[in-house]
Amino acid sequence: MKKHLLIFLLPFLVGCGSNSSNNGNDNSSSSTFSSEPEKDLTPSIFNENMIHYLGRNVVKMSGENKIGVTFAMTCSGFEVKVNVTNEVNGVSVKLNSYAEQGGPWQFANVFIDGVEPEERLQLPNTTANYVIAQNLSLGTHYIRFVKLNEGAFTNVTLMDLAMSGATWCEWDIKYEKKIEFLGDSITCGYGTEGTISDPYSLEGQNGCHTYGYTCATDLGYEPSFCSQSGISIYMSAWATDVFFEDIYPTYDCVHEFDLKKWKTDIAVIALGTNDNTKFVGLSPSQQLVEIENILQKYKELCDLIKSNNPNCQFFFVYNLMLTQNGYIDSAIQGTCIYLNDNYGEGTAYRYEMMPNGQGSGGHPNATAQINDGHILAEFIQNPYDISE
């Protein structure tokens, strides 16, 4: 079993926290000849010049006061840049963690300068302070906090960030493109850390070992996820009336999110596995009727994405876990044809993966997911029509 890192810091480090006030702030020192306002570099978790959030998030309010930033979806989180000036140093955060199912813990990774940690950060259901970096070498460092579990059952609220022996720097990385991964349990990372006989658990999920996170890392793109275990595009084998169209306009699979806040250049869609479970049990005549409904739901989702992201390109991936019914594949192909006919050639592509069911509950394991991510990144860079 993997080791988990659980570090509490009490009292909270003294440094540049998000609650710092901007005392004496006026414009008397600004040049009257300047045509642009001076950039706000106040250290704060609410200042996007100083902190970069990954994926969907919302500001949490208490009355009229901001008390934190909440993120829930797989691989959502934040990034900061620090300049270490003392050999004795540390960076800490105050977090509120909530895990509803598969808990009572959820997990996160803290990357220092792009290096994945050996141990995951283990977050109990509480508000607490954590050291996320310490004893860093002198100079500048980039710290990325990534939530590893799916948003339907977990969320994290960043309430403060502070440091000692270091200063909080302006965020200066500009990603070439944004990419969003839309899917089900496979996209969430269900099963990456377990074996086929293991049941569902948050410990068995690791979003950083998914095809999506691997693909975004290979491409150097800014990632975002919208996914939920068991979700379908149109029909479900489970007792649910919730479908992907219901969770897409949310930040946690339940609560509304302003889709205009997140503009994506690429949408990767991995939906259909759960529809397939229901579909294969239908009669041939029922399949002929329902496949048209599945095709329509794919089209409606893509049209919605296009309405907010006119230049978005689509990549459909399938068969990551099992070989789908040919009708489901035909619906995906039909959606690509529809998008290319209506929005221009090269708008949509599809790629068939090699199935792997060796992870928890028959899901792809980490090795397969990471390999699929590398393959997908190469395909996005050099797409082609797999029908040819």
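Source: prediction; values computed, not measured. (Residues numbered from 1 in each chain as written. Predicted model: local features only at pLDDT ≥ 70, side-chain atom pairs only at ≥ 80, totals over all residues. Heavy atoms only, no water.)

Draft legend 1. Region of the structure containing the overall build of the chain. Looking only at helices and strands, one finds seven helices and 17 strands in the chain. Here the chain has a C-alpha radius of gyration of 22 Å; the compact-globule value for 388 residues is 21 Å, and the two agree. Its C-alpha atoms give the chain principal-axis dimensions of about 75 × 55 × 40 Å. Counting only residues that meet the buried cut, the chain has 54% of its 388 residues in that class. Sequence separation of at least 24 residues holds for 79% of the intrachain contacts in the chain that already meet a minimum separation of 6. As displayed, the chain offers around 17400 Å² of accessible surface, 49% of which is attributable to carbon and sulfur atoms. (Helix = DSSP H or I, 4+ residues; strand = E, 2+ residues; numbered from the N terminus. Rg over C-alpha atoms; globule rule 2.2 N^0.38 Å. Buried < 20%, exposed > 50% of the residue type's maximum accessible area, 1.4 Å probe, protein only. Contact = heavy atoms within 4.5 Å. Areas by Shrake-Rupley, 256 points an atom, 1.4 Å probe, with all protein chains shown as cover.)

Draft legend 2. Representation of the side chain of Asn96 in the model. Within the secondary structure layout, Asn96 lies in strand β6 (residues 90-99). Here the side chain of Asn96 touches Thr127 through a polar contact of 2.7 Å, side chain to side chain. Among all residues touching Asn96, those that are not within four sequence positions of it are Thr126, Thr127, Asn155, Val156, Thr157 and Met159. (Polar contact = N/O pair within 3.5 Å; in protein donor to acceptor, adjacent residues only side chain to side chain.)

Draft legend 3. Examining the packing of helix α2 (residues 211-219) against helix α7 (residues 366-381) more closely. Running from N to C, α2 and α7 cross one another at 45°; their axes reach a closest spacing of 7 Å. As far as their axial angle goes, α7 and α2 are oblique. Like other packed secondary-structure pairs, α2 and α7 cross with a definite hand, here right-handed. Judged by residue contacts, Tyr211, Thr214, Cys215, Asp218 and Leu219 of α2 engage Gln369, Ile370, Asp372, Gly373, His374, Leu376, Ala377, Ile380 and Gln381 from α7. Class assignment of the residues belonging to the contact of α2 with α7 gives a composition of seven nonpolar, five polar and two charged. (Axes fitted to C-alpha atoms, helices over the stretch in contact; angles between N-to-C directions. Parallel < 35°, antiparallel > 145°, perpendicular 65-115°, else oblique. Left-handed = near helix turned anticlockwise from the far one by under 90°. Nonpolar A, V, L, I, M, F, W, Y, C, P; charged D, E, K, R; others polar.)

Draft legend 4. Spatial organisation of α2. Taken across its nine residues, α2 has seven buried, putting it largely inside the fold. Those residues of α2 not exposed but buried are Tyr211, Gly212, Tyr213, Thr214, Cys215, Ala216 and Leu219. Looking one or two residues past α2, Gly220 carries a phi angle of roughly 75°, positive in sign.

Draft legend 5. Quick look at the pairing of strand β13 (residues 178-183). Of all six residues that make up β13, five are buried, and the element is covered over most of its length. Where β13 and strand β15 (residues 266-270) come together, five bridges link them in parallel fashion. By the bridge assignment, Phe181 is partnered in β15 with Val268. (Pairing = 2+ DSSP bridges.)

Draft legend 6. Highlighting unusual backbone geometry. One non-glycine residue with positive phi stands out, namely Cys75, at about 65°. Tracing the backbone through its elements, the reader meets Cys75 in the loop between β4 (65-71) and β5 (77-84). What makes Cys75 buried here is its relative accessible area of 2%. Even without being a glycine, Asn135 presents a positive backbone phi close to 50°. With respect to the helices, strands and loops of the structure, Asn135 is situated in the loop between β9 (127-134) and β10 (139-147).

Draft legend 7. View of the packing of aromatic side chains. Per the counting criterion, the structure on display carries 17 aromatic pairs. Their ring planes at 85° and their centres at 5.6 Å tell us that Tyr142 and Trp171 sit as a pair that is edge-to-face. Of this pair, Tyr142 sits in strand β10 while Trp171 sits in the loop between β12 (166-169) and β13, placing them 29 residues apart in sequence. By relative accessible area, Trp171 is classed as buried at 7%. Pairing Phe379 with Tyr384 gives two aromatic rings, centres 5.1 Å apart and planes at 80°, and the pair type is edge-to-face. Cluster of aromatic residues (ring-pair linked, three or more members): Phe315, Tyr349, Tyr351, Phe379 and Tyr384. The side chain of Arg120 reaches across the aromatic face of Phe107, ending 4.7 Å from its centre. Over the ring of Trp262 we find Lys178; its NZ or CZ atom is 4.7 Å from the centre of that ring. (Phe/Tyr/Trp six-rings, centres within 6.5 Å; stacked < 30°, edge-to-face > 60°. Lys NZ or Arg CZ within 6 Å of the ring centre and 35° of its normal.)

Draft legend 8. Seen up close, the pairing of strand β16 (residues 313-318). Summarising burial for β16: five of the six residues are buried, a large majority. The pairing of β15 with β16 spans four bridges and is parallel. Looking at β16, one finds that Ala267 is bridged to Phe314. By the bridge criterion, five bridges tie β16 to strand β17 (residues 348-352) in an arrangement that is parallel. From the neighbouring strand, Phe316 faces β17, where its bridge partner is Arg350. Note that the unit made of β16, helix α6 (residues 326-343) and β17 has a crossover that is right-handed. (Right-handed = clockwise from strand over helix to strand, strands pointing away.)

Draft legend 9. Geometry of the sheet that holds β16. The strand order across the open sheet built from five strands is β14-β13-β15-β16-β17, with neighbouring strands paired in parallel fashion. Because the sheet does not close on itself, it has two edges, and the strands there are β14 (222-227) and β17. Sheet twist, expressed as the mean angle between neighbouring strand axes with direction ignored, is 20°. As defined by bridge partners, β13 adjoins β14 across six bridges and the pair is classed as parallel. Among the inter-strand pairings, Glu180 is bridged to a residue of β14, identified as Ser224.

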